[in-house]
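# Results of the structural survey
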Amino acid sequence: MGRYAARRLLQMIPIFIGTTLLIFLMVHILPGDPIRAMWGDKAADPAQVAALRHEFGLDQPVWKQYIDYMLNLFQGDFGKTFGGRQVIDVMSEAFPVTLRLTLFAIAIEIVVGIGLGAWAGLKAGKAPDSGVLIFTLLVISIPVFVLGYLARFVLADKLGWVAPNVQDSENWGQLFLPAFVLAMLSMAYVARLTRTTFAENLRADYMRTALAKGLPRRRIVGVHLLRNSLIPVITFIGTDVGAFIGGAVITEGIFNVQGVGNVLFRAIQTSEGTTIVGVVTILVLVILLINLVIDLLYAVLDPRIRYA
Amino acid sequence: MTTIDKTMSVPGPRGGSESGAPLLEVRDLHVEFHTRDGVAKAVNGVNYTVDAGETLAVLGESGSGKSVTAQAIMGILDMPPGKIPRGEIRFRGEDMLTMSHEERRRIRGQKIAMIFQDALSALNPVLSVGYQLGEMFRVHQGMSKKQAKARSIELMERVRIPAARERVNDYPHQFSGGMRQRIMIAMALALEPDLIIADEPTTALDVTVQAQVMDLLAELQQEFNMGLILITHDLGVVADVADKIAVMYAGRIVETAPVHELYKRPAHPYTRGLLDSIPRLDQKGQELYAIKGLPPNLTRIPTGCAFNPRCPKAEDICRTDVPVLHRVTEQGGGEIAGRGSACHFWKETIHG
Amino acid sequence: MPDTTQTTLTAAEKTGGDTAALVSKPEQRKPRSLWGDAWFELRHRPMFWVSATLLVLLLLIAAFPGLFTSADPTKGDLTNHFLSKPELTHFFQPDWFGYDGQGRSIYARVIYGTRASILVGVGVTAAVTLVGGLLGLVAGYFGGLIDSIISRMTDMFFGIPFLLGAMVVLNAFTERKVYVVVLALAFLGWTSMARVTRSSVISAKQADYVTAARALGASTTRMLFRHVLPNAIAPTIVVATIALGGYISAEATLSYLGLGLSEPTISWGIDISQGSKAIRDNPHALMFPAGMLTLTVFAFIMLGDAVRDALDPKLR
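Just so you know, these numbers come straight off a predicted model, no measurement behind them. (Residues numbered from 1 in each chain as written. Chains lettered and ligands numbered in written order. Predicted model: local features only at pLDDT ≥ 70, side-chain atom pairs only at ≥ 80, totals over all residues.)

### Re the pairing of strand β8 (residues 227–232) of chain B
Residue and element names in this part refer to chain B. Our working definition: Counting other C-beta atoms within 10 Å of its own, a residue is labelled buried from 20 upward, exposed at 12 or fewer, and partly exposed in the gap between, with every C-beta atom placed from the backbone. Working definition: helices are DSSP H or I runs of at least four residues, strands are E runs of at least two. Numbering for both runs from the N terminus. We call two strands paired when DSSP finds no fewer than two bridges between them. Handedness of a crossover is defined as follows: orient the strands so they point away from the viewer, and if the path from the first strand over the helix to the second runs clockwise, the crossover is right-handed.
Taking burial as the measure, the six residues of β8 include six buried ones, the bulk of the element. Burial along β8 is two-sided: the face carrying Gly227, Ile229 and Ile231 and the face carrying Leu228, Leu230 and Thr232 are both buried. Where strand β7 (residues 195–199) and β8 come together, five bridges link them in parallel fashion. Residue pairing in the sheet places Ile197 in a bridge with Ile229 of β8. A crossover links β7 with its parallel partner β8, the connecting element being helix α8 (residues 207–224), and its sense is right-handed.

As structure tokens, this is what we get:
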């Protein structure tokens, strides 16, 4: 188990370097000049542009910029925004907000998704199965921003059940609607995957053995079926964390949540390379760490992995 | 002409309950599967009995209904698509098909246990073998986790798994095929059931390991005086351990006989074909016999005798009339205990 | 795109229904191939016919929008039509769905917006299937160093959240035509296709008939395209069909953020974004393009679902 964890940790290093490099290249090689963009339509003073370029290191070759950036990174310096603030400071304000939102959403995803999927899987081919299938298809088909506006329009504007904007991100009641909207898409995928693995594993030989052993149904489903069926579902939830971050950009915009998504969206619109790279680097780190945790959890659940 | 509706048997010491009924009696059992391609009639009127300490071998190709019958006895058929439109399965005289789910569950594992063919897929891959063995004691006897583990180790020792104490927390994939099948046997034996159904218990194993596992099973059966239904397609396995044989074809029993009688002189062309297709050293160099044709499609079983399209002896009557299970006698009309054949021409087959 | 199919397909290989095998074994009817069987299965699914009908209609709209409306989607009339409410009984008339904030017929804009969405969806799917499929095929078949390089590259790209990466890439372009959006989404989306194809190629490679073909001395190209690919492509097709709807949805999301298609291309995403500003009093400006978008994505996702069920008999 220890060796397995160490191996996974080592495998993460090249992926981390590769992914951050990719982000860095995407921001710096693609057309679009952030310094020039600061002036908008007005004519810029070439001397000032050059000075700013130098200040942000943009006059260096890209590879040197990347190495400098990574070296700074290991000293905890994620660079400065064009506004002059440290990226890490901006992040430390916004990150806990998004973290709360995402965790809340993942909790909804797990409870509702696995619950619905298990129900459909146990009743495969019957009415609840078809009902859940159509419901999840619909949820997957409605883009997050449409769903967000619909939810806000109906629940907040028309019915007045919830506040349309999140003023206080530590208030779970206010966070509920954005978290719910954020969770919906992944929840639908989790429900479908759970349904499939449940229905599949129901037909497995070891389920027949469990039945032949005279175990009560509660135990057959709760121990033998659940354990096996949750393995792929947990893996999926792990790989899906990235989608949550993408979804957070939308949801935070609609419900005015002051989180990472908002910061990132503004940075992209103003082509603030350092902020984008800084935020995305931290996100990639978080995603990789979550994947590691999921991998370890996977090994705990499946002995065939643990002893491989 | 007389017909047999159950094979004769001497009641064993433990089989005789108050009613004097046999340990297990299957009567006119029918099982069908409703699928997209039509209704597959997997079992079409099977009768057999098993007594305590007795071994019944059920022989047949895949699709002959031998496993489906066993699953119906265990009560683990997938229903739907499976359906039991007719028949009785009496355990100690009581029809299990009319029992409640809870009553049947209590019988499963405790009174009747099953050993499956492929132990690797039949054991839960993510639970340790100790947990899976201990579950029997915890669920049926309410033991604590600790007690159950101690009993699991005992069981593993009993089926001669080396270093049982160290291996009790291992997972199925860490054992060899033979050891896994021993674990399956241990699980079936855990609560000392009255009847064990072994569905091709050695098919997935190496030949050398096969003999060990069969010997172990036979030995434990004797020790506990259990009834054993041994389902197989391997004539070699049967000869050593079985008391009597039922040969199945297209969901029916086509021949029943005490084990050595059957090998000596089969009374059904299908059994004869099976025996003739075993390679023999004294016929080296000759072409090996094979039954021509394929097993029938269970959604469209031929009229008359189901075997008629493949039978070398088939005549017009075989294509129209379903043969009943005739009582097989000596040429002079003398009784042969426990023999029956569902062939219109059984006399010609056995004596001809 | 979420990578669900990969896990389900490999998990499905571990199990097999005993009773199903029992019933289908003595089949004396003409044997059906995987594809024949899939087509048989598809034809018997109402979901397939619903989605197929919807898709034919959508493709018609995308190809010939002029057949469905006489109104000009770009011409606004602020004096007469500013945010007029829909006239739900005026079927196929310009005022059927009402007018938007610039006095343009929402019905006409919904009709004319279909083309961009379908083009993006089909374009991205074609590109990722080609690129990802080829990379996955090569990685899975040759293994070794090539596999390591391709797999690490896939991991790198996979580390970037799809939508975030697309936002960063698209932000660099000022005029974003359909092909720009297609390339940007394909650039980030090929990974799941490569992973799925790679794993199914690896399992197909190990199949006995492939070993047999190799033993008979088949050439590498013949091996790849005659033996391995046809037997490994089903999961790729399934993922591609399901992903198509997702790409349409992603395009609309990006357009909504102002990072997808740009004017003068007519896109539902842009219209939804504009409609969202007036949602409180005039929800129709958002509802109709959003409804059409949802319907389109729904049709594709439903097709993908039906195809998956048909191609993966173990899930039945």
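### Re the UniProt feature "transmembrane region" (unreviewed entry) in chain A
All names here are of chain A. The following threshold applies: UniProt positions are given in the numbering used here, feature names are shortened, and annotations may be inferred rather than shown by experiment.
Mapped onto this numbering, the UniProt entry annotates "transmembrane region" (unreviewed entry) at residues 12–30, 101–120, 132–155, 175–193, 229–255 and 275–301. What you have in residues 132–155 is 92% helix and 0% strand, and the ends, taken at the C-alpha atoms, are 23 Å apart. Here residues 229–255 is 96% helix and 0% strand, with 35 Å between the C-alpha atoms at its ends.

### Observations concerning the interface of chain A and chain C
The parts lose accessible area when they come together, and the size of an interface is often stated as this lost area. Selection rule: What counts as a contact here is a pair of residues whose C-beta atoms, placed from the backbone, lie within 7 Å. The nonpolar class holds Ala, Val, Leu, Ile, Met, Phe, Trp, Tyr, Cys and Pro. Asp, Glu, Lys and Arg form the charged class, and all remaining residues, Gly among them, are polar.
Taken together, the contacts link 51 residues of chain A with 46 residues of chain C. For the side of chain A that touches chain C, the elements supplying multiple residues, two or more each, are α1 (2–29), α6 (127–141), α7 (144–158), α8 (172–202), α10 (217–239), α11 (241–255), α12 (260–269) and α13 (273–301) of chain A. Ranked by residue count, the leading element in the side of chain A that touches chain C is α1 of chain A, at eight residues. Partitioned by chemical class, the residues of the side of chain A that touches chain C number 34 nonpolar, 12 polar and five charged.

### A short note on the sheet that holds strand β5 (residues 94–95) of chain B
All names here are of chain B. Pairing is antiparallel in the open sheet, where four strands are placed in the order β2-β1-β4-β5. On the outer flanks of this sheet lie β2 (38–50) and β5, each paired with one strand and no other. Two strands pair when backbone bridges link them, and strand β4 (residues 82–91) and β5 are joined in this way by two bridges, in the antiparallel orientation. Pairing of Arg90 across the sheet is with Asp95, part of β5.

### Overview of the UniProt feature "transmembrane region" (unreviewed entry) in chain C
This chain's UniProt record puts "transmembrane region" (unreviewed entry) on residues 48–68, 118–144, 156–173, 232–250 and 286–307 of chain C. Note that residues 286–307 of chain C is 100% helix and 0% strand, and that its end C-alpha atoms are spaced 32 Å apart.

### Quick word on the sheet that holds strand β11 (residues 326–329) of chain B
Residues and elements named next belong to chain B. Short version of the rule: Axis definition: a line fitted to C-alpha atoms, over the contacting stretch in the case of helices. Angles run 0 to 180 degrees between N-to-C directions.
Ordered in space as β6-β7-β8-β3-β9-β10-β12-β11, the eight strands form an open sheet in which the pairing is mixed. At either margin of the open sheet sits one strand with a lone partner, and together these are β6 (112–115) and β11. Going from strand to strand, the sheet's axes swing by 20° on average, the running direction of each strand aside. As judged from the three bridges shared by β11 and strand β12 (residues 335–341), these two strands associate in the antiparallel manner. Note that in β12 the partner of Thr329 across the bridge is Glu335. Packing of helix α1 (residues 66–74) onto the sheet brings it into contact with β3 (55–59), β6, β7, β8 and β9 (244–249), and relative to β7 it is tilted by some 145°.

### Details of the UniProt feature "domain: ABC transmembrane type-1" (unreviewed entry) in chain C
Mapped onto this structure's residue numbering, the UniProt feature "domain: ABC transmembrane type-1" (unreviewed entry) falls at residues 114–304 of chain C. With 82% helix and 0% strand, the stretch residues 114–304 of chain C has end C-alpha atoms that lie 19 Å from each other.

### Topic: the nonpolar core
The criterion, for reference: Buried Ala, Val, Leu, Ile, Met, Phe, Trp, Tyr and Cys residues whose C-beta atoms connect them within 7 Å together make up a nonpolar core. Domain delimitation in this document rests on an assignment produced automatically or drawn from a domain database.
Val279 of chain A, Ala186 and Ile197 of chain B together with Ala166, Met167 and Leu185 of chain C are the most contacted members of the largest nonpolar core, which has 262 residues in total. Here this core gathers at least three residues from each of two domains, domain 1 (24–111 + 193–351) and domain 2 (124–192) of chain B. Apart from residues no more than four positions distant in its own chain, Ala186 of chain B is found in contact with Leu133, Leu155, Met156, Arg158 and Val159 of chain B.

### Some details on the confidence of the model for chain C
Residue and element names in this part refer to chain C. Rule in force here: Residue-level confidence of the predictor is what pLDDT reports, using numbers from 0 through 100.
Of all residues in chain C, 88% have pLDDT values of 70 or greater, and the mean over the chain is 80. Averaged pLDDT values for the elements of chain C fall to 37 in helix α1 (residues 4–12) and rise to 92 in helix α6 (residues 106–142). Ignoring residues within four places in sequence, the model shows residues 1–29, a span with pLDDT below 50, making 67 contacts including any to other chains. The complex model carries a pTM of 0.79, and its ipTM stands at 0.82.

### A closer look at the packing of α6 of chain C against helix α13 (residues 284–311) of chain C
Residue and element names in this part refer to chain C. Put simply, the rule reads: With the far helix as reference, a near helix turned anticlockwise by less than a right angle produces a left-handed crossing, and one turned clockwise produces a right-handed crossing.
With their axes 10 Å apart at the nearest point, α6 and α13 run at an angle of 35° to one another. Where α6 crosses over α13, the two elements pack in a sense that is right-handed. Each of Ile106, Val110, Gly113, Ser117 and Gly121 in α6 lies in contact with α13, whose residues at this interface are Ala285, Phe288, Pro289, Met292, Leu293, Thr296 and Phe300. The residue inventory of the contact of α6 with α13, partitioned by class, reads eight nonpolar, four polar and no charged.

### Description of unusual backbone geometry
The amide bond that connects Glu263 of chain C to the next residue, Pro264 of chain C, takes the cis arrangement and shows omega of 10°. Its location among the elements puts Pro264 of chain C in the loop between α11 (220–256) and α12 (268–276). Positive phi is not limited to glycine here, since Arg92 of chain B has a value of about 50°. The topology assignment puts Arg92 of chain B in the loop between β4 and β5. With phi around 50°, Ala250 of chain B is a residue other than glycine that occupies positive phi space. Tracing the chain through its elements places Ala250 of chain B in the loop between β9 and β10 (252–258). For Ala250 of chain B, a count of 25 C-beta atoms within 10 Å puts it in the buried group.

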